[in-house]
Amino acid sequence: MTTFALARPVRLDLDAFARLAGLHPDVVRRFVALGLIDASSDPSGTLWLTPSQLPAVARLQRLRAGFNLNYAALGLVVDLLDRIARLEAAQRRHASTPVSTGARQWK
Amino acid sequence: MARRDFYEVLGVGRDASADDIQSAYRKLARTYHPDVNKDPAAEDRFKEVSEAYDVLSDPELRRRYDAFGHDFRQVPDGVDPQQWARARAGAGQSRAGRAGSARTREPDNDWFSSAGFTGTGGIDFEELFGDLRGGRGRSWGPIPGADQEAELTLSIEEAFRGGRRSITLSGPDGSRNYDVTIPPGVTDGQRIRLAGQGGQGTGQAPPGDLYLVVRLAPHPRYRVEDRDLYVELQLSPWEAALGATVAVDTPGGEAKLRVPAGTSSGRRLRLKHRGLPNTRGAPGDLYAEVRIMVPATPSDDERRLFEELARVSTFDPRRQR
């Protein structure tokens, strides 16, 4: 019989996440409150974060250090950068694969 | 290592005002910030620009830079520039100027606790960061490096076969070489991740990743849509009318294709799983698009037979149905 190991979801509490990110937990909590990074909270109110958010935090730090942005502007800049990245990816796909209408394309 | 003049880096003259310097820096920072510009060369440029601004934006450091050039951090206070120029070697190593590079500054993550702030209640962090922590807020602890992107152009044959490919990325610090394994069936826009080869982190923080974004070069014969390939299949009128078995070139080698009788131009004939391979599922298909060709200058016999066909046939492709 095939058996499967129980997989524990990889999640970090606020302190562990803050340690990995090199930040004070209050700053991380602040990021979550401002919607700059995603976190989930359980019924007891404990915040849980995933390691995948660490690069996002690093980007927030870099942008803040580079441009001296306040937190509201930081959220806007991050959203716009993500949107530009998505649009550029879509544009790349379009440029290389002409939309097929099913009709023969004569040269 | 030859270092560029800080004024040259910012593109301003030596007599530039503080406002000019700040304006030049802001423009360059917006262009080359590693989170805005994914080009691997941008990060080095951003570092260079930041270092130049660090020095030139501080009146005291700027004065010392003007007097002593790049060595100004090794010069003790109160030294005459001309005297220094005569005896450059070895002077003042133990007394670096008051502003050790921003990069060597001690990480100060403990700042919050040492300043007595343990909670967020009633404290506006933006005010704290923005006003108290200095002009550009460069006093965070170690920050991991940014991810970078570079384009990798592949021919359709290379994407089909996969394999190893040597890649050279040029930068101001010389070129970097990578030996990259390309998975068979990589498609346009897919990213190949080179872990840890992206932008440098500060302090002990890890570097980012380098992503090679695949671009498929236009091919004279094949057109690609996702994993499906399209190729033109030229047929003579009698092959199209009577049916035939013809050879079609595919990236994986020649394939035999049966053309059913009564095939007109524009019909697509599918060769299943002859498109780009897929490591995680079914490969794409190859579609041969029929195009009927006629001889530009028919021989006498051909002309006679076509005329006879025209006389005998009742087929009218333009008849309204």
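Thresholds, definitions, all that
Each chain has its residues counted from 1, running along the sequence as written. Chains and ligands are labelled by the order in which they are written, letters from A for the one and numbers from 1 for the other. Per-residue local features are limited, in this predicted model, to residues with pLDDT of at least 70; the limit for side-chain atom pairs, both in listing and counting, is 80 or more; totals at the level of whole chains, interfaces and linings are taken over all residues. As a convention, hydrogens and water are excluded, and side-chain values are obtained from all of the structure's heavy atoms. Residues enter a nonpolar core if they are buried and are Ala, Val, Leu, Ile, Met, Phe, Trp, Tyr or Cys, with the set joined through side-chain atoms within 4.5 Å. Throughout, exposure labels follow a simple rule: accessible area from a 1.4 Å probe, protein chains only, divided by the maximum for the residue type, with under 20% read as buried, over 50% as exposed, and the rest as partly exposed. For the purposes of this entry, the term helix denotes a DSSP run of H or I that reaches at least four residues, the term strand denotes a run of E that reaches at least two, and both are numbered from the N terminus. Between two residues, a contact is recorded if the distance between any of their heavy atoms is within 4.5 Å. Any two strands are treated as partners once DSSP identifies two or more bridges connecting them. What counts as an axis is a line fitted to C-alpha atoms, over the stretch in contact for a helix, and the angles between N-to-C directions run from 0 to 180 degrees. In this analysis the probe radius is 1.4 Å and the grid spacing 1 Å, with only protein atoms considered; a cavity is a set of points the probe fits into but cannot get out of, a pocket is an open set with protein on both sides within 12 Å along at least five of seven lines, and lining residues have an atom within 4 Å of a point. Grid points are joined across faces, edges and corners, and a volume is the space filled by probe spheres set on the points. Nonpolar residues are Ala, Val, Leu, Ile, Met, Phe, Trp, Tyr, Cys and Pro. Charged residues are Asp, Glu, Lys and Arg, and all others, Gly as well, are polar. Salt bridges are defined as contacts in which a side-chain nitrogen from Lys or Arg sits within 4 Å of a carboxyl oxygen from Asp or Glu.

Trainee: Is there a simple way to explain the nonpolar core in this structure?
Mentor: The nonpolar side chains of a soluble globular protein tend to be buried, and buried together. Judged by nonpolar contacts, the single largest core of 47 residues is most densely connected at F17(A), V28(A), F31(A), I37(A), L10(B) and L56(B). Per-element accounting of this core gives the leading share, six residues, to helix α3 (residues 40-56) of chain B. The contacts of L56(B), once residues within four sequence positions are left out, are F6(B), Y7(B), L10(B), I21(B), R62(B) and Y65(B). Within the second largest apolar cluster, 37 residues are counted, among which are A150(B), V246(B), L257(B) and V290(B).

Trainee: How do you make sense of the sheet that holds strand β1 (residues 148-154) of chain B when you look at a structure like this?
Mentor: Across a sheet, strands are paired by hydrogen bonds formed along the backbone, either parallel or antiparallel in direction. Residues and elements named next belong to chain B. Spatially, β1-β5-β4 is the arrangement adopted by the three strands of the open sheet, whose pairing is mixed. With partners counted over all chains shown, the strands left at the sheet margins are β1 and β4 (191-194), one partner each. Between one strand and the next, the sheet's axes are offset by a mean angle of 30°, whatever the strand orientation. In the sheet, β1 pairs with strand β5 (residues 210-216) via seven bridges, with the strands oriented parallel. Its bridge partner lying in β5, T153 is registered against R215.

Trainee: Sorry if this is basic, but what is going on with the environment of L229(B) here?
Mentor: Residue and element names in this part refer to chain B. Here L229 lies in strand β7 (residues 228-235). Here L229 falls in the buried class, since its relative accessible area comes to 0%. The sequence separation of L229 and T250 amounts to 21 residues, and the corresponding C-alpha distance is 8.9 Å. In contact with L229, not counting residues within four places along its chain, are I156, Y222, R223, V224, P251, R274, G275, L276, D285, L286 and Y287.

Trainee: What is the right way to read the sheet that holds strand β6 (residues 222-225) of chain B from this model?
Mentor: All names here are of chain B. If you walk across this open sheet you meet the four strands as β6-β7-β11-β10, and the pairing is mixed. Looking at the sheet topology across the chains shown, the edges are occupied by β6 and β10 (268-271). The average angle at which neighbouring strand axes cross in this sheet is 30°, direction not considered. One ladder, built from four bridges, connects β10 with strand β11 (residues 286-292); its direction is antiparallel. Among the inter-strand pairings, L269 is bridged to a residue of β11, identified as A288.

Trainee: How should I be thinking about the layout of surface pockets in this particular structure?
Mentor: Considering only enclosed or pocket space, the largest pocket measures out at about 1100 Å³ in volume. Those elements that provide at least two residues to the lining of the largest pocket are α1 (14-21), α3 (54-67) and α4 (71-96) of chain A together with β1, β4 and β5 of chain B. When residues in the lining of the largest pocket are grouped by element, the largest group, nine residues, is from α4(A). Split into classes, the residues belonging to the lining of the largest pocket amount to 19 nonpolar, six polar and 16 charged.

Trainee: Can you walk me through the pattern of salt bridges in this structure?
Mentor: Between side chains of opposite charge, a pair can form as their charged atoms come close. All names here are of chain B. Within this structure, the stated rule accounts for 24 salt bridges over all chains. Its salt-bridge partner being E43, residue K47 comes within 3.9 Å of it at the nearest N-O pair. On the criterion of helical spacing, the pair formed by K47 and E43 is a turn pair, its members being four residues apart in helix α3. The class for E43 is buried, based on a relative accessible area of 9%.

Trainee: Would you mind going over unusual backbone geometry with me for this structure?
Mentor: Peptide bonds are mostly trans, and most non-glycine residues show a negative phi. With a phi close to 55°, N68(A) is a non-glycine residue in the positive phi region. Mapped onto the secondary structure, N68(A) falls in the loop between α3 and α4. Take N68(A): its relative accessible area is 27%, and that puts it in the partly exposed class. Positive phi outside glycine occurs at H273(B), with the angle close to 60°. The exposure class assigned to H273(B) is partly exposed, which follows from its relative accessible area of 40%.

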